[in-house]
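Structural description and commentary
Each chain, written out:
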Amino acid sequence: MKQKLIYILLISFGFHSSAIFAQQEVVRDTVDAREKYGLRVGFDLSKPLRTFLEEDYQGLEIKGDYRLYDQIYLTGEFGNEQNVISEPNVTASAKGTYMKLGADYNFYENWTGMQNLIYFGVRYGFATFSSELREFSIYNRNPYFGPDVRAESREYNNLTAGWAELQLGVKVEVLNNLYLSTHVELKKKINETKPGNFDNLYIPGFNRTYDGSSLGVGYGYSISYLIPLYKR
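Treat the numbers as computed from the prediction; the structure is a model and nothing was measured. (Residues numbered from 1 in each chain as written. Predicted model: local features only at pLDDT ≥ 70, side-chain atom pairs only at ≥ 80, totals over all residues. Heavy atoms only, no water.)

Applying the stated criterion to the full structure yields 16 salt bridges. One salt bridge in this structure joins K47 and E81, with 3.2 Å as the shortest N-O distance. Within this pair, whereas K47 is found in helix α2 (residues 46-53), its partner E81 is found in strand β3 (residues 72-87), the two being separated by 34 residues in sequence. For K47, a relative accessible area of 8% corresponds to the buried category. One salt bridge in this structure joins D65 and K171, with 2.7 Å as the shortest N-O distance. Of this pair, D65 sits in strand β2 (residues 58-67) while K171 sits in strand β7 (residues 154-175); the two residues are 106 residues apart in sequence, bridging distant segments of the chain. According to the relative accessible area criterion, K171 is buried, its value standing at 11%. Taken together, the salt bridges that share partners define one network made up of E77, K100, D104, R123, E165, E185 and K187. (Salt bridge = Lys/Arg side-chain N within 4 Å of Asp/Glu carboxyl O. Helix = DSSP H or I, 4+ residues; strand = E, 2+ residues; numbered from the N terminus. Buried < 20%, exposed > 50% of the residue type's maximum accessible area, 1.4 Å probe, protein only.)

Structure below.
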């Protein structure tokens, strides 16, 4: 009787062990280790915020990326900006559109099921814009008469500029397929069309320019949504 009971217990234990093992295999199989590939689209949050806070600024940028390989993403940004820059001897505004194309490399190793990014990127940027000279001062050797300020508006159209850009940024998936990101930019101006009698003080997409330097900087905060196309 005892032997029969032992056999029944062993058989029962083996059955339950097999069932548990089978359930674990089912759970393991239901976890899809494949990663999403698709198009991520969004916009830069910092530009609408600046539009709200700064009286002389207006801007909007739409951006997207496509995962080409495991760690490589093709990227693009398209935007429009208008800004007024005031210096001691000149006040000018610039407005126009720009486009930036390039690629990002993700050097962050994600856990299974996660798709966050810490990335390094390169871009080529190109802008078409117009510049308006609003006010300027004429150099006067005799300060007795005070500054000679001219408020004559002069507009210069069909201006262009091109630059190379490096980006370092982070993209975090806060909800399923929804990402928040931040990045910094370092730019090197390659070429530009200048008005006849003064320099461009602002280039859309490149930002502020300075005498004697072809470098520029920038930043951004973005929200984007991933449209999954396939997994692998």
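Turning our attention to the environment of A92. Here A92 lies in strand β4 (residues 90-106). In this structure, the C-alpha to C-alpha distance between A92 and F198, residues 106 residues apart in sequence, is 9.7 Å. In this structure, A92 is in contact with N83, V84, I85, E132, L133, R134, F198 and L201, ignoring residues within four places of it in sequence. (Contact = heavy atoms within 4.5 Å.)

This next bit is on unusual backbone geometry. Phi at N177 takes a positive value of approximately 70°, unusual for a residue other than glycine. Structurally, N177 can be placed in the loop between β7 and β8 (178-192). Residue classification places N177 among the buried residues on the basis of a relative accessible area of 6%.

The residue K100 is located in strand β4 in this model. According to the relative accessible area criterion, K100 is buried, its value standing at 1%. Along the sequence, K100 and G76 sit 24 residues apart, while their C-alpha atoms lie 5.5 Å from each other. A polar side-chain atom of K100 sits 3.3 Å from a polar atom in the side chain of E185. (Polar contact = N/O pair within 3.5 Å; in protein donor to acceptor, adjacent residues only side chain to side chain.)

Below, the discussion takes up the side chain of N83. Its location among the elements puts N83 in strand β3. Judged by relative accessible area, N83 falls into the buried class, the value being 7%.

With that settled, consider the pairing of β3. Across 10 bridges, the pairing between β2 and β3 is antiparallel. When the bridges of β3 are listed, R67 appears paired with Y73. In this structure, the hairpin formed by β2 and β3 is closed by a connection of 4 residues. As defined by bridge partners, β3 adjoins β4 across 16 bridges and the pair is classed as antiparallel. Bridge assignment links V84 to a residue of β4, and that residue is S93. Counted between consecutive antiparallel strands, the loop separating β3 from β4 contains 2 residues. (Pairing = 2+ DSSP bridges.)

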